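Structural overview for review
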Amino acid sequence: MKKNYLMLISIVAILTTILMFNSCKKEAPNPCEGVTCYNGGFCINGSCSCPQGYSGPACETQVTPTKIRISKIEITRFPATDGGAGWDLTSGPDIYPIITKGTTVIWDSPNYAENADPSYNYEFTLSPSIDLTSPTDQYTISLYDYDDIDDDDWMGGIYFTPYSSTNGFPSTMTIDAGGEVAFIFHVTYEW
Ligand SMILES: [Ca+2]
Ligand SMILES: [Ca+2]
């Protein structure tokens, strides 16, 4: 009986010690408290761990990609006529895009959309896809009408710089300067 009583006292003493210890122990401060990480970043031990494409203390800065990869080009606008005349004698234009950088041809479509109707959009899937390896430089996209017998007719073109440091890496890029031709690129990014 006495033994049991002593054991009970011991247990109470141990529990009391544990409770006192716990009540005196300070909560360790959370190092991530008050830390905000943007653009899908998250806090680990007080620092932001940023997703690919972002850097900076709060993941607030875009990282310039080394490549912007184009997998598809949509032609969303082109002129119905060549200054009032038809593009071809008896049919619509046979359209295809070309991307250049300075005088270098980056991509020249291997196929064209025959007798294109300006009320429709035309899609060109790039297989293989192409890489724009100087995303902050200026490129040009031009639209041509393929002709059998003489030189292909230039229908319009736009200068564009593929990369913007503030737009959050969109998967589609509208290339439209308000002129006669306009395009949408389907893109991915590499760093
Ligand atoms: Ca023509
Ligand atoms: Ca034609």
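Structure shown above.
Residues numbered from 1 in each chain as written. Chains lettered and ligands numbered in written order. Predicted model: local features only at pLDDT ≥ 70, side-chain atom pairs only at ≥ 80, totals over all residues. Heavy atoms only, no water.

To continue, consider the state of the cysteines. Applying the stated criterion across every chain yields a total of three disulfides. Covalently, Cys32 is tied to Cys43 through a disulfide, its sulfur atoms 2.1 Å apart. Between Cys32 and Cys43, the disulfide has an S-S torsion of -85 degrees and is therefore left-handed. Taken as a pair, Cys32 in the loop between α1 (2-24) and β1 (42-44) and Cys43 in strand β1 lie far apart in primary sequence, 11 residues in all. Shown here is the disulfide that connects Cys50 with Cys59, its sulfur atoms set 2.1 Å apart. On the sign convention where negative is left-handed, the bridge of Cys50 and Cys59, at about -90 degrees about the S-S bond, is left-handed. A relative accessible area of 27% means that Cys50 is categorised as partly exposed. Given the relative accessible area of 0%, Cys59 is considered buried. (Disulfide = S-S within 2.5 Å. Helix = DSSP H or I, 4+ residues; strand = E, 2+ residues; numbered from the N terminus. Buried < 20%, exposed > 50% of the residue type's maximum accessible area, 1.4 Å probe, protein only.)

This next bit is on the coordination of the calcium ion (ligand 1). Taken together, Trp87 (O), Asp88 (OD), Asp145 (OD), Asp147 (OD), Asp147 (OD) and Asp153 (OD) make up the protein donors of the calcium ion (ligand 1), found 2.1 to 2.7 Å from the metal. Around the calcium ion (ligand 1), the six donor atoms sit at angles spanning 52 to 167 degrees, and that spread fits a shape best called irregular. (Donors = N, O, S within 2.8 Å, 3.2 Å for Na, K, Ca; no water. Tetrahedral: all angles 85-135°; square planar, octahedral: opposite > 155°, others 65-115°.)

With 37 residues, the main nonpolar core has Ile99, Phe183 and Phe185 as its most contacted residues. Secondary-structure elements contributing two or more residues to this core are β5 (67-77), β6 (95-101), β8 (122-132), β9 (139-145), β10 (153-160), β11 (172-176) and β12 (182-190). Examining the composition of this core, we find that five residues originate from one element, β8, more than from any other. Both of domain 1 (30-63) and domain 2 (67-190) provide at least three residues apiece to this core. (Core = buried A, V, L, I, M, F, W, Y, C linked by side-chain atoms within 4.5 Å. Domains from an automatic or database assignment.)

Approximately 330 Å³ is the volume found for the largest pocket. Lining the largest pocket are 15 residues, and of these Asp88, Asp94, Tyr146, Asp147 and Asp148 sit closest to its centre. (1 Å grid on protein atoms, 1.4 Å probe; cavity = no way out; pocket = protein on both sides within 12 Å on 5 of 7 lines; lining within 4 Å. Points joined across faces, edges and corners; volume = space filled by probe spheres on them.)

Strand order in the open sheet made by the four strands is β7-β6-β9-β10, with antiparallel pairing throughout. The open sheet has two edge strands with one neighbour each: β7 (104-108) and β10. This sheet shows a mean twist of 25 degrees between the axes of neighbouring strands, independent of strand direction. Bridge count for β6 against β7 is four bridges, and the pairing is antiparallel. (Pairing = 2+ DSSP bridges. Axes fitted to C-alpha atoms, helices over the stretch in contact; angles between N-to-C directions.)

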